[in-house]
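One letter stands for each residue in the lines below.
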Amino acid sequence: MGAGAVRFLKVLVGTTLLACALGVALDLVTANVAVEYFSVHHPPVVDSDSPWVQALVWGVIASWWFGAICGAVLAWINHRRPEPLAPKRILRWVAVACVVLWVLMIGVVVGVYVFAGVIPEQDRGETFEHDRRLMAVALAHQTEYVLGGAAVVVVGVMTWLAGRRGRPGQPATT
């Protein structure tokens, strides 16, 4: 296998693993806020109502394919560069993007939860707290792929433009 193929695979696999780590990290929080989002409102894939089990299973199931697509895109962009970057450099950017995404999505959970709290108590139904938690989790998950797509665009542009502003790019090493 050539150096280009090894570089490509490292970016592809690394991005996929980082996406899975992000998915699990997000789901470890959201499943503990509203496990029903996974155990009731998703197809059953594991016979458990444990938020920890649901987070581990769904964190990987919902993320691996997105990470693989994003990894393939980033690896292709890097491969098309005159001097491809080292996979480690790209994966560092992906890791930072994952941390930023996690913070943003947790911000959505907290923001929706707090915003729903402005509903006057006399207007709240008996399932208010359950519904508020479920909506906070659902809205965070609805933003997940949009934010992930934006992150791939940013990292892809950074990959393409790296070293073009008078700074030498780091040549690739496998």
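Let us look at the structure shown here. Here the structure is a predicted model, which is why all the values come from computation and not from measurement.

### Brief notes about a nonpolar patch on the surface
- On the surface, Val 60, Trp 64, Trp 65, Ile 69, Val 73 and Tyr 145 cluster together into a nonpolar patch covering about 540 Å² of accessible area.
- Counting residues per element, the nonpolar patch draws most heavily on helix H4 (residues 64-80), which supplies four residues.
- Topologically, Ile 69 is positioned in helix H4.

### Examining the packing of helix H1 (residues 3-33) against helix H6 (residues 128-161)
- Where H1 meets H6, the axes come as close as 9 Å, and the angle between the chain directions of the two elements is 155 degrees. With respect to each other, H1 and H6 are oriented roughly antiparallel. In this structure, the crossing between H1 and H6 has a hand that is left-handed. Seen from H1, the contacting residues are Leu 26, Asp 27, Thr 30, Asn 32 and Val 33; seen from H6, they are Arg 133, Val 137, His 141 and Glu 144.
- Within the contact of H1 with H6, the residues separate by chemical class into three nonpolar, three polar and three charged.

### Describing the environment of Glu 129
- Positionally, Glu 129 belongs in helix H6.
- Exposure remark for Glu 129: the relative accessible area of 32% places this residue in the partly exposed category.

Here is what the cut-offs are and how they apply
Residues numbered from 1 in each chain as written. Predicted model: local features only at pLDDT ≥ 70, side-chain atom pairs only at ≥ 80, totals over all residues. Heavy atoms only, no water. Patch = residues over 30% accessible without salt bridge, like charges linked within 9 Å, V, L, I, M, F, W, Y side chains within 5 Å. Areas by Shrake-Rupley, 256 points an atom, 1.4 Å probe, with all protein chains shown as cover. Salt bridge = Lys/Arg side-chain N within 4 Å of Asp/Glu carboxyl O. Helix = DSSP H or I, 4+ residues; strand = E, 2+ residues; numbered from the N terminus. Axes fitted to C-alpha atoms, helices over the stretch in contact; angles between N-to-C directions. Parallel < 35°, antiparallel > 145°, perpendicular 65-115°, else oblique. Left-handed = near helix turned anticlockwise from the far one by under 90°. Contact = heavy atoms within 4.5 Å. Nonpolar A, V, L, I, M, F, W, Y, C, P; charged D, E, K, R; others polar. Buried < 20%, exposed > 50% of the residue type's maximum accessible area, 1.4 Å probe, protein only.

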